[in-house]
Amino acid sequence: MLAKTFKAIATLAVILAFAAPSALTQYAWPIEPLHESHEITGTFCEYRDTGSAPHFHNAVDIPKPDGQPVYSVTDGRVTAMARSGYNAYVRVQNFAYVHIKPSPALSIGDSVYAGKTVLGTIYPSAGHVHFVDGYVGSERQPLRQNGGLTPYVDPWPPVIKTVRFLLGPTGQEFTGRRISGPVEITFRVREANGPPGTLESRL
């Protein structure tokens, strides 16, 4: 599965490198303070195998207390909404805000404004907003160079836990100091989001 993670990240890097100028679009954070960097407890493309359907995380998780207001990061219109349940959400064009209790004043088709319109509040027991940049099936990294959530300050480098070289597609690890033939490279990285003792997100 780690090989799939590596391939997904490599593919994402290529897509972003050749993306249209819109990939450079910057926007403020959806929670207050809107113009300050926040902690991330779930990263984009992080492999999740803890549930019934293993998958790659399609968003970033921004931890905040239940009931905290969530704002639109762009001017636009509400295009979809689910009002009940843990996965309740509001979608404003290509952005989705999941695990929020939508504002009762909002309806599909309503206009919203960046940093002004409260889309809803963080759902009881969720403790975070799952912020998606992109339409279903074409999500992209909200934390990207010269684009996405701005500002984003990350002074803590990732920690590389393991790097393995496998004879693909056998899955057998090379035991000597030389490799040959088709090689599959797998790795495990711990992505720290703060100093020791704070919450971490793992890939």
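Residues numbered from 1 in each chain as written. Predicted model: local features only at pLDDT ≥ 70, side-chain atom pairs only at ≥ 80, totals over all residues. Heavy atoms only, no water.

(A) Quick look at the packing of aromatic side chains. The tally for this structure, following the rule as stated, stands at five aromatic pairs. Between the aromatic rings of Tyr97 and Phe131, the centroid separation amounts to 5.5 Å while the plane-to-plane angle is 55 degrees, which identifies the pairing as tilted. With Tyr97 in strand E8 (residues 95-98) and Phe131 in strand E12 (residues 128-133), this residue pair connects regions lying 34 residues apart in the sequence. Since its relative accessible area comes to 0%, Tyr97 is described here as buried. Through a chain of ring-to-ring contacts, the aromatic side chains of Tyr27, Phe95, Tyr97 and Phe131 assemble into a single cluster. (Phe/Tyr/Trp six-rings, centres within 6.5 Å; stacked < 30°, edge-to-face > 60°. Helix = DSSP H or I, 4+ residues; strand = E, 2+ residues; numbered from the N terminus. Buried < 20%, exposed > 50% of the residue type's maximum accessible area, 1.4 Å probe, protein only.)

(B) How the structure looks around the pairing of E8. Here E8 shows no split at all, with Phe95 and Tyr97 on one side and Ala96 and Val98 on the other all buried. Relative to E8, strand E7 (residues 89-92) runs antiparallel, the two sharing four bridges. Each residue of the ladder has a partner; that of Tyr89, found in E8, is Val98. The antiparallel hairpin formed by E7 and E8 contains two residues in its connecting segment, where Gln93 sits at a positive phi of about 55 degrees. With four bridges connecting them, E8 and E12 associate as antiparallel partners. Looking at the pairing, Phe95 lines up with Asp133 of E12. (Pairing = 2+ DSSP bridges.)

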